[in-house]
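# Overview (structure and organization)
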Amino acid sequence: MSTSRLFAGLVVAVLSAALLAACAGTPPSTSSTRVVLLPQADGSSSALVVRSNSDVEETLSKSYQRATTATRGAPVVDQADPARVRAAHKLLFELLPPPDHTAVR
């Protein structure tokens, strides 16, 4: 194998590695926060106020209501699917203590 051919192969390898490294960079950040109001263990109602960076407030007051806030703008409120929330966060739901049916109120 000639020196020029070896050099050409090395150049191609280095350029390929550089191209792959550039493609593997982190995508631009789309900073957002998502909040889901979970039901209380005893069935009582609860609520949560979500405020965006632009001081726009939305109140979540129904179980599995979801608010998503971006860097700018008002929170977007919708209803999350309870089965999907439980499936996506299965470990967290498994860690919940069992309901205490013996407690005296």
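Heads up: these notes are all about the structure in this document. Given the structure is predicted, the values throughout are model-derived calculations rather than measurements.

The subject of this paragraph is the sheet that holds strand β5 (residues 76-79). Strand order across the open sheet formed by 3 strands is β1-β4-β5, with antiparallel pairing between neighbours. The sheet is open, and its two edges are formed by β1 (32-36) and β5, each paired on a single side. Taken pair by pair, the neighbouring strands of this sheet meet at an average axis angle of 20 degrees, ignoring direction. For strand β4 (residues 65-70) and β5, the ladder comprises 4 bridges, and the chain directions are antiparallel. Counted as the bridge partner of R66 is D78 from β5.

Turning our eyes to something else, we now look at the pattern of salt bridges. Counted by the stated rule, this structure contains 3 salt bridges. As a salt-bridge pair, D78 and R66 come within 2.8 Å of each other at their nearest N and O atoms. Taken as a pair, D78 in strand β5 and R66 in strand β4 lie far apart in primary sequence, 12 residues in all. One salt bridge connects E94 with K90, and the closest N-O pair in it is separated by 4.0 Å. Within this pair, E94 and its partner K90 are both found in helix α3 (residues 90-95), separated by 4 residues, close to a single helical turn. Comparing E94 with K90, the two get one shared label, exposed.

Parameters at a glance
Residues numbered from 1 in each chain as written. Predicted model: local features only at pLDDT ≥ 70, side-chain atom pairs only at ≥ 80, totals over all residues. Heavy atoms only, no water. Pairing = 2+ DSSP bridges. Helix = DSSP H or I, 4+ residues; strand = E, 2+ residues; numbered from the N terminus. Axes fitted to C-alpha atoms, helices over the stretch in contact; angles between N-to-C directions. Salt bridge = Lys/Arg side-chain N within 4 Å of Asp/Glu carboxyl O. Buried < 20%, exposed > 50% of the residue type's maximum accessible area, 1.4 Å probe, protein only.

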